[in-house]
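If you want the building blocks of each chain, they are given just below.
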Amino acid sequence: MSVRRLAPDHVQPASFAFDAANENWADQQIAKYPQGRQASAVIPLLWKAQEQHHGWVPRAAIEAVAKKLDMAPMRVMEIATFYTMFNLQPVGEHYVQLCGTTPCALRGAEALKKVCEEVIGPQSTVSADGKLSWLEVECLGACCNAPMAQINFDYYEDLTPENFRALLDDLRHGRPVKPGPQNDRSCSEPLGGGETLRDAALYDGTVIGAGDWQARIADQRKAAAEAAAAKAAAEAAAKAAEATPAAVETKPATETAAAGRPKPSEPKQPSGAAHDTPAANGKVSAAAVKESARPADAKPTTAAPFAGKPEAAAKAATDPALAESKPELLTVARDNKPDDLSLIWGVGPKLATMLNGMGVWHFDQIANWKADELAWVDARLTGFKGRATRDDWISQAKKLSTGWRPDSALGDKPVK
């Protein structure tokens, strides 16, 4: 960036003050900022000072702005010398900023520079009549219409040496000029006019369908809204049906295993674990039931009547008496003090509630079950069939009925 200095002393005015209108405007700008932040208005005030003082900022204006904003003059000087939007030297009545960046250079900006030198003189100097001055600047963002120049607050585009020379002459003599493209271009359209979107049908609605297209779109929206409302009503009805007592009673319970309790389908489950037992269909293997009821540390005995006798086991499985061997059940807990059945490994809150509903409230009830009674209960554990046999509730209940308690609230996992 080039060094920017204030104008020589001989051109600096002795003083500067905002006129009444600009003073009021400056107060309005300062009022936009909270107390203690008035310095934020420094750029707007410098810009207004430049506008009032013939397009450039003298030293006196910098000092006046600093005083009004209670700033050190050097702080305002730093801003004025940093931003190139502030002119620190006198400019002409018509200040020409000629773009010399690549798009304009490729379109003839070099020829326009020569026109400025011939008509006005060197850069940053004012013509003898005070009407014109010029400066080459970076891109002004009108590349479609290159080459171009900004004169005061207006853009003049599609310049050629001829029309640019005529433009400067008109400005010097106060004749009216036309900002924007200096040819027959409209804004940034292609020369000769636009080549797209020229069909009138694009704007009268016919391109999107014959007839009353607005009514058709309204009908489509209405149909979509009705379909959405019908779908929502159907979903609400389905949810209401699922919540009826009959639906809840027939719906199978889901198994919610407590943390650390393996599900029957998991690979880590011991190979001897049972899934849903045949008792679900009124059939049960007496040998399997008898063996499952045996404590984990007991040795196999000859008490299992069907061990190694598949024919006898099959007969027992079809025995209605075996399937209907109901254990001792209670209507309420003794002394209204039920045991915490969730201390049995494999019994969670849901199973405990289910057992209470059957009439099972105490550890000693479970401890006294026989194999056929165990099968009766197992067949009625909706959603958990086979759990009592798999987790050997009888041996667990025998320990718990003595007053022993496991270290974990989940119970003590039986060892297979």
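Residues numbered from 1 in each chain as written. Predicted model: local features only at pLDDT ≥ 70, side-chain atom pairs only at ≥ 80, totals over all residues. Heavy atoms only, no water.

Below, the discussion takes up the overall build of the protein chain. Helices and strands together make up the secondary structure of the protein chain, namely 18 helices and five strands. Taken across its 416 residues, the protein chain has 35% of its residues classed as buried. Partitioning the intrachain contacts of the protein chain with sequence separation of at least 6 by distance along the chain shows that 66% fall at a separation of at least 24. (Helix = DSSP H or I, 4+ residues; strand = E, 2+ residues; numbered from the N terminus. Buried < 20%, exposed > 50% of the residue type's maximum accessible area, 1.4 Å probe, protein only. Contact = heavy atoms within 4.5 Å.)

Another aspect to go through is the packing of helix 3 (residues 59-68) against helix 4 (residues 73-82). In the contact formed by helix 3 and helix 4, the axes pass within 8 Å of each other and the chain directions differ by 125°. With respect to helix 4, the axis of helix 3 lies oblique. Relative to helix 4, helix 3 is oriented so that their crossing is right-handed. Residues Ile62, Val65 and Ala66 of helix 3 form the contact with helix 4, whose own contacting residues are Pro73, Val76, Met77 and Ala80. Of the residues belonging to the contact of helix 3 with helix 4, the class tally is seven nonpolar, no polar and no charged. (Axes fitted to C-alpha atoms, helices over the stretch in contact; angles between N-to-C directions. Parallel < 35°, antiparallel > 145°, perpendicular 65-115°, else oblique. Left-handed = near helix turned anticlockwise from the far one by under 90°. Nonpolar A, V, L, I, M, F, W, Y, C, P; charged D, E, K, R; others polar.)

The next point concerns the side chain of Asn22. With respect to the secondary-structure elements, Asn22 resides in helix 1 (residues 20-30). A relative accessible area of 12% means that Asn22 is categorised as buried. Here Gln52 takes part through its side chain, which lies 2.7 Å from a polar atom of the side chain of Asn22. Beyond its immediate chain neighbours, meaning those up to four positions away, Asn22 contacts Lys48 and Gln52. (Polar contact = N/O pair within 3.5 Å; in protein donor to acceptor, adjacent residues only side chain to side chain.)

Taken as a whole, this structure holds two cavities of 30 Å³ or more when the rule is applied. Estimated volume of the second largest cavity: approximately 40 Å³. Considering the residues around the second largest cavity, the lining is formed by Cys99, Thr101, Pro103, Cys104, Cys139, Leu140, Gly141, Ala142, Cys143 and Met148. Looking at the lining of the second largest cavity, its residues break down into eight nonpolar, two polar and no charged. (1 Å grid on protein atoms, 1.4 Å probe; cavity = no way out; pocket = protein on both sides within 12 Å on 5 of 7 lines; lining within 4 Å. Points joined across faces, edges and corners; volume = space filled by probe spheres on them.)

Strand direction decides the pairing type here: strand 3 (residues 149-151) and strand 4 (residues 154-157), joined by three bridges, are antiparallel. What sits directly across from Ala149, in strand 4, is Tyr156. Here strand 3 folds back onto strand 4 in antiparallel fashion, the turn holding two residues, of which Asn152 has a positive phi close to 55°. Taken together, the two bridges between strand 4 and strand 5 (residues 180-181) define a ladder with parallel strand orientation. Residue Glu157 lies in a different strand from strand 5, and its bridge partner there is Pro181. (Pairing = 2+ DSSP bridges.)

This paragraph deals with the layout of surface pockets. In this structure, the largest pocket occupies an estimated 570 Å³ of space. Residue lining of the largest pocket: 24 residues in total, with Arg4, Thr84, Asn87, Tyr95 and Leu135 positioned closest to the centre. When contributions to the lining of the largest pocket are tallied by element, the ones reaching two or more residues are strand 1 (94-99) and strand 2 (132-137). Per element, the largest residue contribution to the lining of the largest pocket is five residues, and it comes from strand 2.

With 78% of its residues at a pLDDT of 70 or more, the protein chain has an overall mean of 82. Low pLDDT (under 50) marks residues 266-323, which in the prediction has 65 contacts with non-local residues, meaning those over four places away or in another chain. (pLDDT = per-residue confidence, 0-100.)

The next point concerns the packing of aromatic side chains. The full count for this structure, using the stated rule, is four aromatic pairs. An angle of 80° between the planes, with centres 5.4 Å apart, marks the rings of Phe16 and Phe18 as edge-to-face. Ring pairing ties together the aromatic residues Trp47, Phe86 and Phe153, which thus form one cluster. Taking NZ or CZ as reference, Lys48 lies 4.6 Å from the ring centre of Trp25, over its face. If you follow Lys399 out to its NZ or CZ, it ends over the ring of Trp404, 4.2 Å from the centre. (Phe/Tyr/Trp six-rings, centres within 6.5 Å; stacked < 30°, edge-to-face > 60°. Lys NZ or Arg CZ within 6 Å of the ring centre and 35° of its normal.)

A word on the sheet that holds strand 2. Spatially, 2-1-3-4-5 is the arrangement adopted by the five strands of the open sheet, whose pairing is mixed. Across the chains shown, the open sheet's two edge strands, defined by having one partner strand only, are strand 2 and strand 5. Both strand 1 and strand 3 contribute to a ladder of three bridges, which runs antiparallel. Opposite Val96, over in strand 3, you have Ile151 as the bridge partner.

Bringing the environment of Val347 into the picture now. Within the secondary structure, Val347 sits in the loop between helix 13 (320-323) and helix 14 (349-358). The spatial distance from the C-alpha of Val347 to the C-alpha of Asp391 is 9.1 Å, given a sequence separation of 44 residues.

A word on the pattern of salt bridges. A full pass over the atoms with the stated rule returns 17 salt bridges. The shortest N-O distance in the salt bridge between Asp412 and Lys399 comes to 3.8 Å. Note that Asp412 is positioned in the segment after helix 18 (393-401) and Lys399 in helix 18, a separation of 13 residues in sequence. Shared partners join several salt bridges into a network, and the residues in it are Glu23, Asp27 and Lys68. (Salt bridge = Lys/Arg side-chain N within 4 Å of Asp/Glu carboxyl O.)

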